[in-house]
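Survey of secondary and tertiary structure
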Amino acid sequence: MTRRSTSSRFEEKDEVTACGCGFENSSADKQGSATENRGESRQDSVVKKDSMIDQRSMVGYDSFAFGNKPFLLSPAGKDYLWGGQRLNDEYAKNINLSPLAETWECSTHPDGPSVVASGEYEGMTLAEVLKAHPEFLGTHPISVIGEGIPILVKLIDAKNDLSVQVHPSDEYAKEHENGQLGKTEMWYVVDAEPGAELVYGFKNEVTKEQVRASIADGSIEKYMHTVPVHKGDMFYIESGTVHAIGGGILIAEIQESSNLTYRLYDYNRIDKNGRLRELHIEKALDVMNYSSSAEPRQPMRKLQYKPGSAYELLSRCKYFQVERMLVNTERIKTMAEFQSSDTSFEVLLCIDGCGVMFGEDVSINIFRGDCIFVPANSEKLKIHGKAEFLRISC
């Protein structure tokens with residue numbers, strides 16, 4: 001696949017003096033500063049009124065509007081055997097798991113709930129907060145799983161290949177998995193080693209019998225469509241699409257709030273208990289799309305500029321909308337503005353850089369890897385710094 005350049009950055013050459021961060025820093029520098037600063041900053045991530053006077057004077061007190069306030073989330077971690085250490089080493093997750101394969105950054109799923117890490121709800125799970133304040137969801141998202149949100153946001157560090165797998169549709173999951181949601185998902189490639197690849201469907205149309213036989217004799221890989229992967233690529237994985245993330249890829253995943261995965265093939269790997277990992281062949285054969293998959297092309301992406309920020313649409317479907325948001329503010333007067341509507345909550349996942357978000361009486365220091373939940377109908381917010389976000393809504 002010929003790589004389409006995705007380097008359309010928003011003034012990335014400029015430096016931001018207020019927070020001292022930039023995309024040009026080396027991984028080692030980022031790792032050290034993130035780990036060193038995060039512990040200190042979290043104690044001060046919510047700044048109350050009396051200490052906000054100077055910041056108010058810089059942007060104008062009257063520019064704020066009262067509304068629901070954002071808060072940081074702390075993720076749940078998963079130690080799947082194919083994972084690495086980058087989420088701890090480079091993103092300062094400080095989760096005592098090795099390997100650390102996934103962090104469920106914004107989740108109300110019972111298999112991995114995220115916890116509020118700042119503000120008046122600190123220490124509560126996100127599900128508990130939304131149960132007490134359903135208005136935070138907005139008027140459009142409808143949770144069909146009780147109290148919670150209909151999406152799940154992850155960071156995934158694939159040091160080694162994931163299993164070849166497929167996810168069911170909502171209809172199949174409702175009938176066969178006790179009313180659970182199926183899983184359609186989107187991947188944004190945060191980083192990828194040279195030569196990294198992933199599996200996306202089949203090269204040619206296949207039959208159920210061919211797939212079943214190839215699983216039995218270990219030859220299924222000959223049917224799979226492998227795709228080169230580069231930093232900044234985006235892939236939309238509809239339920240029923242056979243897929244696998246290859247080793248050396250770090251991605252952000254936005255998906256339905258589901259933990260249903262049917263493994264077809266796992267390279268005969270042994271789990272930590274010395275057993276072959278469970279496969280779900282019959283269910284996978286029930287739900288997979290047997291048609292050939294066209295090579296996924298990267299969508300044309302166009303930046304839309306606003307003072308201090310720029311946006312580009314990555315994906316929109318009935319489950320979620322994902323934009324890439326670039327913030328670069330050199331002067332307080334051009335600080336980026338942000339506000340959620342009454343239609344949906346928003347999730348900001350910082351995938352590079354750093355900055356500060358603040359409102360009428362709240363301030364949140366943001367570092368690479370941080371995830372912020374912004375309730376629907378939020379107050380008017382300001383963001384200062386130099387950072388790259390995924391902006392997610394329903």
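Look up a bit, the structure's there.
Since the structure is predicted, the reported quantities are computational estimates derived from the model, not experimental observations.

**Observations concerning the pattern of salt bridges**
Tallying each qualifying case throughout the model produces 17 salt bridges. For D361, the salt bridge identified is with K69, shortest N-O distance 2.9 Å. Placement of the pair is D361 in the loop between β18 (346-358) and β19 (363-367) and K69 in the loop between α2 (53-59) and β1 (71-74), with a sequence separation of 292 residues. The salt bridge partner of K154 is E102, with a shortest N-O separation of 3.5 Å. Of this pair, K154 sits in strand β5 (residues 151-158) while E102 sits in strand β3 (residues 102-106), placing them 52 residues apart in sequence.

**Brief notes about the packing of aromatic side chains**
Within the structure shown, the criterion is met by seven aromatic pairs. With 6.2 Å between their ring centres and 70° between their planes, Y121 and F136 make a pair best called edge-to-face. Placement of the pair is Y121 in the loop between β4 (115-116) and α4 (126-132) and F136 in the loop between α4 and β5, with a sequence separation of 15 residues. By relative accessible area, which is 3% here, F136 ends up buried. Three or more aromatic residues joined by ring pairs make a cluster, and in this case those are F71, Y121, F136, F345 and F373.

**Quick word on the environment of K283**
Tracing the sequence through the fold places K283 in helix α7 (residues 281-287). Using a relative accessible area of 33% as the deciding quantity, one classes K283 as partly exposed. Sequence separation between K283 and Y172 is 111 residues, and the spatial gap between their C-alpha atoms is 9.7 Å. Not counting chain neighbours up to four residues away, the residues in contact with K283 comprise Y172, E177 and Y262.

**Examining the sheet that holds strand β2 (residues 76-78)**
The strand order β2-β3-β5-β12-β7-β10 describes an open sheet built from six strands, whose pairing is antiparallel. Each end of this open sheet is capped by a strand with a single partner; those strands are β2 and β10 (234-237). Geometrically, the sheet is characterised by an average inter-axis angle of 20° between neighbouring strands, direction not taken into account. Note: β5 against strand β12 (residues 249-256), eight bridges, orientation antiparallel. Bridge assignment links V153 to a residue of β12, and that residue is I254.

Cut-off values and rules
- Residues numbered from 1 in each chain as written.
- Predicted model: local features only at pLDDT ≥ 70, side-chain atom pairs only at ≥ 80, totals over all residues.
- Heavy atoms only, no water.
- Salt bridge = Lys/Arg side-chain N within 4 Å of Asp/Glu carboxyl O.
- Helix = DSSP H or I, 4+ residues; strand = E, 2+ residues; numbered from the N terminus.
- Phe/Tyr/Trp six-rings, centres within 6.5 Å; stacked < 30°, edge-to-face > 60°.
- Buried < 20%, exposed > 50% of the residue type's maximum accessible area, 1.4 Å probe, protein only.
- Contact = heavy atoms within 4.5 Å.
- Pairing = 2+ DSSP bridges.
- Axes fitted to C-alpha atoms, helices over the stretch in contact; angles between N-to-C directions.

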